[in-house]
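Survey of secondary and tertiary structure
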Amino acid sequence: MARMIHVRGLALVAMLAPGVNAMAANPDPDWPCIQRKVPQLSLGQIWSGPDLPSAAKDWSKDPTISALVEELAARRIPIAEAQKKIKDFAASLPAEQLAPKMAMLVQGMFDHMDAERSQVISGISRYADKQLEMAAALRKEASDVDALRAKPDPDPEEIHRRTEQLKFATRIFNERVQSLTYVCEVPTIIEQRLYQLSKVVSETLAAKK
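Residues numbered from 1 in each chain as written. Predicted model: local features only at pLDDT ≥ 70, side-chain atom pairs only at ≥ 80, totals over all residues. Heavy atoms only, no water.

**A look at the overall build of the chain**
Definition in use: Working definition: helices are DSSP H or I runs of at least four residues, strands are E runs of at least two. Numbering for both runs from the N terminus. Exposure classes here rest on a 1.4 Å probe applied to the protein chains alone. A residue is buried below 20% of its type maximum, exposed above 50%, and partly exposed in between. Every accessible area reported is derived by Shrake-Rupley at a probe size of 1.4 Å, with residue values counting cover from the shown protein chains alone.
Tallying secondary structure elements over the chain gives 7 helices and 0 strands in all. Counting only residues that meet the buried cut, the chain has 39% of its 209 residues in that class. Total accessible area on the chain stands at roughly 11900 Å², and carbon and sulfur atoms take up 56% of it.

This is how it looks when you write it as structure tokens:
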């Protein structure tokens, strides 16, 4: 049993670090996700409208814009509902305020969601480091259990106890691998949401011309 767990642990390490099999795609060899690691986005990746004025960087000083950015960034709000909020906000603005306010909204969404995305990426890296530590500990424990079994006079109770502990630890490790698979998708989800919301702003401005 211990040997089988040991092999399984090695398989889980391979699951944990697909980046090892895709080093050409990822500049960071320790990055655990299949998705390419891009620590920060550029505005040009999500915004195809006119250049934003420097005044747009003051979006956080506008309480209405700040509150709307928080709402739109929340992934619990369906994308269609968030897009409608943008359209409703645009419809509420006087004509002379439409362009500057929407520019602030785009800048605010970018700043907020890019920062959130970077935090998620940092968290993934820390999580992966912990997984690698756990994998090393599992390999060592499996080897130790094998050594106990190989003794001339093995203690069945100790072997049983440590084998059960190893099985439990391996199950926890496996559950964390599955969680990591989901978390790896979050940066892409944030990026896609940011693009979809920014596109609505661009389309709204174009429709008002």
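**Some thoughts on the nonpolar core**
Using the following cut-off: Definition of nonpolar core: a set of buried residues of the types Ala, Val, Leu, Ile, Met, Phe, Trp, Tyr and Cys, connected through side-chain atoms within 4.5 Å. Between two residues, a contact is recorded if the distance between any of their heavy atoms is within 4.5 Å.
Grouped together as the largest cluster of nonpolar side chains are 41 residues, with contacts concentrated most on Leu72, Ile86, Met102, Leu105, Met109 and Val201. Broken down by secondary-structure element, the contributors of at least two residues to this core are helix H3 (63-73), helix H4 (79-91), helix H5 (95-149) and helix H7 (186-208). When near neighbours in sequence (up to four residues on either side) are disregarded, leucine 72 contacts Ala82, Lys85, Ile86, Leu105, Met109, Arg193 and Leu197. Membership of the second largest hydrophobic core comes to 6 residues, among which are Ala135, Leu138, Phe173 and Val177.

**Some remarks on the packing of H3 against H5**
Quick reminder of the rule: In this analysis an axis means a line fitted to C-alpha atoms, helices contributing only their contacting stretch, and an angle means the value between N-to-C directions, from 0 to 180 degrees. The labels follow the angle: roughly parallel below 35 degrees, roughly antiparallel above 145, roughly perpendicular from 65 to 115, and oblique for the rest. For any helix crossing, the convention is left-handed if the near helix is rotated counterclockwise from the far helix by under a right angle, and right-handed if that rotation is clockwise. Note that Gly is not counted as nonpolar here; it falls among the polar residues with everything else outside the nonpolar set of Ala, Val, Leu, Ile, Met, Phe, Trp, Tyr, Cys and Pro and the charged set of Asp, Glu, Lys and Arg.
Where H3 meets H5, the axes come as close as 9 Å, and the angle between the chain directions of the two elements is 50 degrees. The angle between H3 and H5 falls in the class oblique. In the crossing of H3 with H5, the sense of the turn from one axis to the other is right-handed. Contacts from Ile65, Leu68, Val69, Glu70, Leu72 and Ala73 in H3 reach Lys101, Met104, Leu105, Gly108, Met109, His112, Met113 and Glu116 in H5. Along the lines of polarity and charge, the residues of the contact of H3 with H5 split into 9 nonpolar, 2 polar and 3 charged.

**Some points on the packing of H5 against H7**
Taken N-terminus to C-terminus, the directions of H5 and H7 make an angle of 175 degrees; their axes are 9 Å apart at the nearest point. Considering the angle they form, H5 stands roughly antiparallel to H7.

**What to know about the pattern of salt bridges**
As a reminder, the rule being used: Between Lys or Arg on one side and Asp or Glu on the other, a salt bridge is scored when a side-chain nitrogen of the former is within 4 Å of a carboxyl oxygen of the latter.
The tally for this structure, following the rule as stated, stands at 11 salt bridges. Among the salt bridges present, the one from arginine 162 reaches aspartate 144, with a minimum N-O distance of 3.8 Å. Of this pair, arginine 162 sits in helix H6 (residues 156-183) while aspartate 144 sits in helix H5; the two residues are 18 residues apart in sequence, bridging distant segments of the chain. The partly exposed category is assigned to aspartate 144, whose relative accessible area is 25%.

**Looking at the packing of aromatic side chains**
Remark: the centre distance and the inter-plane angle together describe each pair of aromatic rings, the angle taken between the planes. Heads up, the rule is: Note on ring pairs: Phe, Tyr and Trp rings are taken, using the six-membered ring of Trp, and paired if centres are within 6.5 Å. Classes follow the plane angle, with under 30 degrees stacked, over 60 edge-to-face and the rest tilted. Charge-over-ring contacts are defined here by two conditions on Lys NZ or Arg CZ: a distance within 6 Å of the ring centre and an angle within 35 degrees of the ring normal.
Throughout the structure, instances matching the rule amount to 0 aromatic pairs. In this structure, arginine 176 packs its charged tip against the face of tyrosine 127, placed 4.1 Å from the ring centre.

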